[in-house]
Amino acid sequence: MRIIPAIDIIDGKCVRLSKGDYNTKIVYNENPLEVAKEFEAHGIEYLHLVDLDGAKSSRIVNHKILEQIATQTKLKIDFGGGLKADSDLKIAFESGANQITGGSIAVKNRAVFEEWITKFGAEKIILGADANNEKVAVSGWLEESNEDLIPFIQNYQSKGIEYVICTDIAKDGMLQGPSFDLYTKILQKANGLKLIASGGISTFDELPKLAEIGCEGTIIGKAIYEGRITLKQLENYIIG
């Protein structure tokens, strides 16, 4: 299972939120590049980079940070937050993103998102299926849609989507453990999906369990920043 640490950006700084609430912001480092380099030094190959300013303003904002990290590390970066138009994707890929994650756009403008899958290829486009009570949430989680999570994923699988990042918003940043039951349910219903678990991861012991149920990757945020999971543990897991 791939280990994918997260860096969330507000005002150019590395932050974390709880349940996606911007009022709960904690700044962990003024310099995201420094954080990325530390991940790389511990054998980590992947990074989930989220432009929270972009998510709020519905256009790419922090692409300079993406470019910095992409040019000064070898991390394979998936980038999300506010990607709404082809021009946003062009900037993201030119700035060094390996993959992009589309969340709100996949709900609000299916035609555009489906076009991206065709145009850029399924290996470049990740579906961000973030949910509250199994309903898909949009706009930096500020809105809940009427979309049921599993049919939503299945529909996009039929359009060619392979990678899905699923965050249970109720768990995000709460350090109370991930949604094992939800992920099991998704993997039972969406055959062959490359599911990336996100939200709630709080201890190292949860990682083998996520691997066991079939998650292709897991995104870890606050647990690293709060020292609940050490980079040394992750390094040993990757080597092991």
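The rules behind the values
- Residues numbered from 1 in each chain as written.
- Predicted model: local features only at pLDDT ≥ 70, side-chain atom pairs only at ≥ 80, totals over all residues.
- Heavy atoms only, no water.
- Buried < 20%, exposed > 50% of the residue type's maximum accessible area, 1.4 Å probe, protein only.
- Helix = DSSP H or I, 4+ residues; strand = E, 2+ residues; numbered from the N terminus.
- Pairing = 2+ DSSP bridges.
- Right-handed = clockwise from strand over helix to strand, strands pointing away.
- Salt bridge = Lys/Arg side-chain N within 4 Å of Asp/Glu carboxyl O.

Along a regular strand, successive side chains alternate from one face of the sheet to the other. Burial analysis of strand S11 (residues 163-167) places 5 of its 5 residues in the buried class, which makes it a mostly covered element. Taking every second residue as pointing to the same face, both faces of S11 are buried, with Tyr-163, Ile-165 and Thr-167 on one and Val-164 and Cys-166 on the other. The pairing of strand S7 (residues 125-128) with S11 spans 3 bridges and is parallel. Bridge pairing in S11 links Ile-126 to Tyr-163. Looking at chain direction, S11 and strand S12 (residues 194-198) are connected through 5 bridges and run parallel. Bridging across to S12, Ile-165 finds its partner in Ile-196. Crossover connection from S11 via helix H8 (residues 180-189) to parallel S12: handedness right-handed.

Okay, the environment of Val-27 next. Relative to the assigned elements, Val-27 resides in strand S3 (residues 21-29). Considering only alpha carbons, one finds Val-27 and Gly-96, 69 residues apart in sequence, at a separation of 24 Å.

Turning our eyes to something else, we now look at the pattern of salt bridges. Under the criterion given, the structure shown has 12 salt bridges. For Lys-13, the salt bridge is made with Glu-30, and the minimal N-O distance between the two is 3.6 Å. With Lys-13 in strand S2 (residues 13-18) and Glu-30 in the loop between S3 and helix H1 (32-41), this pair connects stretches of sequence that are 17 residues apart. When its relative accessible area of 27% is taken as the criterion, Lys-13 is described as partly exposed. A salt bridge links Glu-147 to Arg-110, with the shortest nitrogen-to-oxygen separation between them at 2.9 Å. Note that Glu-147 is positioned in strand S10 (residues 143-148) and Arg-110 in helix H6 (residues 110-120), a separation of 37 residues in sequence. With a relative accessible area of 23%, Glu-147 lands in the partly exposed category.

What follows concerns the pairing of S2. Of all 6 residues in S2, 5 are buried, a share of seventy percent or more. Pairing geometry for strand S1 (residues 2-10) and S2, over 3 bridges, is antiparallel. Bridge pairing in S2 links Ile-9 to Cys-14. With antiparallel pairing between neighbouring strands as the criterion, S1 and S2 make up a hairpin whose turn holds 2 residues, including Asp-11 at a positive phi of roughly 55 degrees. Where S2 lies against S3, 4 bridges are found, and the strand directions are antiparallel. Bridging from a neighbouring strand, Arg-16 pairs with Ile-26 of S3. In sequence, S2 turns back onto S3 through a hairpin of 2 residues, with Lys-19 there showing a positive phi of about 50 degrees.

In short, geometric facts, not functional conclusions.
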